[in-house]
There are 2 protein chains.
Amino acid sequence: DDDRYPSRFWPEPRIADRQDPVVHGHAGDGPLSETELRFYRDNGYLTFDQLIGADELGACLGELDALRRDETVRHAAEAIIEPGSGELRSLFEVHRRSAVLRRLCAYPRLVAIARQLLGSEVYLHQSRINYKSGFRGKEFYWHSDFETWHMEDGIPAMRMVSCSVSLTPNTPHNGPLMIIPGSHQRYISCVGATPQAHYLASLRRQEVGVPDDASLMRLVEEFGIVAPTGPAGSVTFFDCNVMHGSNSNITPLPRSNVFFVYNSVHNTPAAPFCGLPPRPSFIAERRDFTPLPPHAAP
Amino acid sequence: DDDRYPSRFWPEPRIADRQDPVVHGHAGDGPLSETELRFYRDNGYLTFDQLIGADELGACLGELDALRRDETVRHAAEAIIEPGSGELRSLFEVHRRSAVLRRLCAYPRLVAIARQLLGSEVYLHQSRINYKSGFRGKEFYWHSDFETWHMEDGIPAMRMVSCSVSLTPNTPHNGPLMIIPGSHQRYISCVGATPQAHYLASLRRQEVGVPDDASLMRLVEEFGIVAPTGPAGSVTFFDCNVMHGSNSNITPLPRSNVFFVYNSVHNTPAAPFCGLPPRPSFIAERRDFTPLPPHAAP
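Residues numbered from 1 in each chain as written. Chains lettered and ligands numbered in written order. Predicted model: local features only at pLDDT ≥ 70, side-chain atom pairs only at ≥ 80, totals over all residues. Heavy atoms only, no water.

Enquirer: Please explain the packing of aromatic side chains as it appears in this structure.
Expert: Two descriptors summarise a pair of aromatic rings, namely the distance from one centre to the other and the angle between the planes of the rings. Scanning all chains against the criterion turns up 18 aromatic pairs over all chains. Between B:Phe238 and B:Phe259 the ring centres are 6.0 Å apart and the planes differ by 45°, which places this aromatic pair in the tilted class. Of the two residues, B:Phe238 is situated in strand S10 (residues 235-239) and B:Phe259 in strand S12 (residues 255-264); the sequence distance between them amounts to 21 residues. Residue B:Phe259 is classed as buried on the basis of its relative accessible area, which comes to 5%. Through a chain of ring-to-ring contacts, the aromatic side chains of A:Tyr5, A:Phe146 and A:Tyr187 assemble into a single cluster. (Phe/Tyr/Trp six-rings, centres within 6.5 Å; stacked < 30°, edge-to-face > 60°. Helix = DSSP H or I, 4+ residues; strand = E, 2+ residues; numbered from the N terminus. Buried < 20%, exposed > 50% of the residue type's maximum accessible area, 1.4 Å probe, protein only.)

Structure (structure tokens):
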């Protein structure tokens, strides 16, 4: 009865209004200006061409290549393998596996922005790396992360922010992240009950928790679509509820990114709102809510 | 032994130079300026935002919808059905099926441009409509049309031009046509022998006559990628040998176009260079080389 964002319950989709603020902090709290905060509030995302030092980036790229070549990684529970090609698509909980990526998730500028947007101390809800290969890179269908994190992980409120650090250039052509700016102000209740252990299938190809065509059409008609582009090292913060996805990639240019989800320490998970057991903690942290230090050495 | 563009013969791909002019006519011959001809020669394509009258466009759009809804059309040999979804992806030989589309292929401005580019009278080698649906529109992998038209239809020389008339807007996001500008100056010999009746599979998903990764990488490094965008009604002419393809389309905006291939009357098909029987005439005209009249009533 404290589920303010019900989904997967009704036989028809519904579009409701967001019930939480988008920006929880203030311009005085951190690195983002009033203008940047307003942009994020209105559009649900913010992109920076350069936020990470070149040395740090180089280390991360080396780490990605090493993880991708590691045969043991492919067999880990945290690894998501592409159906068909057998390629590594995602690897979760990289902040526990890799010291380099643990350092990146605590990178002071990233943490400071997350703290300011969420108006509190933050902890890491999820970390992963995503590989979208060149030539045959697969699409990710539209989704709101929050819908799943709420239903399957029990996150109560929209007080989370995702941070994607690109390790390769994002061009208009290599299947970049597409965002429906402003869609974070709506909440689409999806149709279809959550299957048991849904994550085993949904991380490869999601079929429940997916918005219906008519609702998507309405969002696009109202808000349009943007696809931020930028060089390797560019960083995009986006609200947990903004509708996003990406097309396939037939260009030779692969897309790789490191993806962190920061959650407010005041928004730790309850029991999943779908009524099933929670997903594994490598997908959704349920034990360690230690705040990330605001000024860790990079 | 008169095969100047061998392909599918060697165990390794090869990149050769084009042996035919790109522009066969002159600025004095027709509607295109010296600048436009030079652009086409260097890039292998030309785009126009407005070339077709609004009435004509409206009629074509109505015709497309009618054809798509026609159950008998779906069962025609000329219809290519999407594996999986069962949706109509392409319909060939529309100039024989539809008076509206027959009129469009003979539209004086289109024919005049084709005559000028090819430096001769032209006839219609192929016509089709392509539907890329919204939400679940599938990608088309990179290919040179000429490689297939040469190997499987017996077209001797690069003296053909394709013309795509968009019936819906092309945005950067809805899986637009991507072109490697300048790639028409190279010819990639593909690897793999042509299967019998290859077209039955290849029009759904091509696996022979597809360029290898390393050659594509070289082309993109040398030439880059462009994706012309434009409103409904925009027209793109592109050389028969320019490398092109498109990503998937998860946006709600479908993409539909009418596609004509004009061939020089001096370049009519011989026996297919792969040594197999030719493809059906609804894919590649082999009997009727009647020149399209230069000034037909629209």
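Right, picking up where we left off after that structure.
Enquirer: What is the right way to read the relation of the copies chain B and chain A from this model?
Expert: For these two chain copies, the linking operation is a rotation about an axis paired with a shift along it. When chain B is fitted to chain A, the residual RMSD is 0.0 Å, and the transformation amounts to a turn of 180° plus an axial shift of 0.0 Å. Between the two chains, the operation in question is that of a two-fold axis. Residue B:Ser248, judged by its C-alpha, is the member of chain B lying nearest the rotation axis, at 2.7 Å. The fraction of interface residues of chain B whose copies in chain A are also interface residues reaches 100%, indicating that both copies meet through the same surface. (Least-squares fit on C-alpha atoms with pLDDT ≥ 70 in both. Contact = heavy atoms within 4.5 Å.)

Enquirer: Which parts of the structure should I look at to understand helix H2 (residues 54-69) of chain A?
Expert: In an α-helix, one full turn covers 3.6 residues, which means residues spaced three or four apart are oriented alike. Residues and elements named next belong to chain A. In this model H2 runs 23 Å from its N-terminal to its C-terminal C-alpha over 16 residues, within 8% of the 22 Å that 1.5 Å per residue would give. Restricting attention to buried positions, one finds in H2 the residues Glu 56, Leu 57, Cys 60, Glu 63, Leu 64 and Leu 67. Projected onto a plane normal to the axis of H2, the buried residues spread over an arc of 125° and lie on a single side. Within H2, the exposed residues directed more than 90 degrees away from the buried face are Ala 54, Asp 55 and Arg 69. (Expected span 1.5 Å × (residues − 1). Arc of directions from axis to C-beta.)

Enquirer: Where do I start with the environment of B:Leu37 in this structure?
Expert: Residue and element names in this part refer to chain B. Inspection of the secondary structure assignment puts Leu 37 in helix H1 (residues 34-43). On the basis of relative accessibility, which here comes to 6%, the residue Leu 37 falls in the buried class. For the pair Leu 37 and Val 22, spaced 15 residues apart in sequence, the C-alpha separation works out to 9.4 Å.

Enquirer: Mind showing me how you'd approach the sheet that holds strand S6 (residues 140-143) of chain B here?
Expert: Within a sheet, each strand pairs with its neighbour through backbone hydrogen bonds, oriented either parallel or antiparallel. Read across the open sheet, the three strands follow the order S6-S11-S8 (chain B); overall the sheet is antiparallel. The two strands at the open ends of the sheet, each matched to only one other strand, are S6 and strand S8 (178-179) of chain B. (Pairing = 2+ DSSP bridges.)

Enquirer: Can you walk me through the interface of chain B and chain A in this structure?
Expert: Every contact between the two is made by 25 residues of chain B and, on the other side, 25 residues of chain A. Summed over both sides, the interface of chain B with chain A buries roughly 2100 Å², with 63% coming from carbon and sulfur. In this structure, A:Arg136 and B:Asp213 form a salt bridge, with 2.5 Å as the shortest nitrogen-oxygen distance. Counting across the interface, chain B meets chain A through 13 residue pairs in polar contact (both at pLDDT 80 or more). Here the side of chain B that touches chain A is built from residues that sort into 14 nonpolar, eight polar and three charged. (Buried area = accessible area lost by both parts, 1.4 Å probe. Salt bridge = Lys/Arg side-chain N within 4 Å of Asp/Glu carboxyl O. Polar contact = N/O pair within 3.5 Å; in protein donor to acceptor, adjacent residues only side chain to side chain. Nonpolar A, V, L, I, M, F, W, Y, C, P; charged D, E, K, R; others polar.)

Enquirer: Just to check I follow, could you spell out unusual backbone geometry for this structure?
Expert: Glycine aside, residues mostly have negative phi angles, and peptide bonds mostly take the trans form. Residue and element names in this part refer to chain B. Unlike most non-glycine residues, Arg 8 shows phi in positive territory, near 65°. Tracing the backbone shows Arg 8 in the segment before strand S1 (14-17). For Arg 8, a relative accessible area of 6% translates into the label buried. Residues other than glycine seldom take positive phi values, yet Phe 135 does so here, at roughly 70°. With respect to the secondary-structure elements, Phe 135 resides in the loop between strand S5 (122-132) and S6.

On their own, these measurements won't tell you what the molecule is for.
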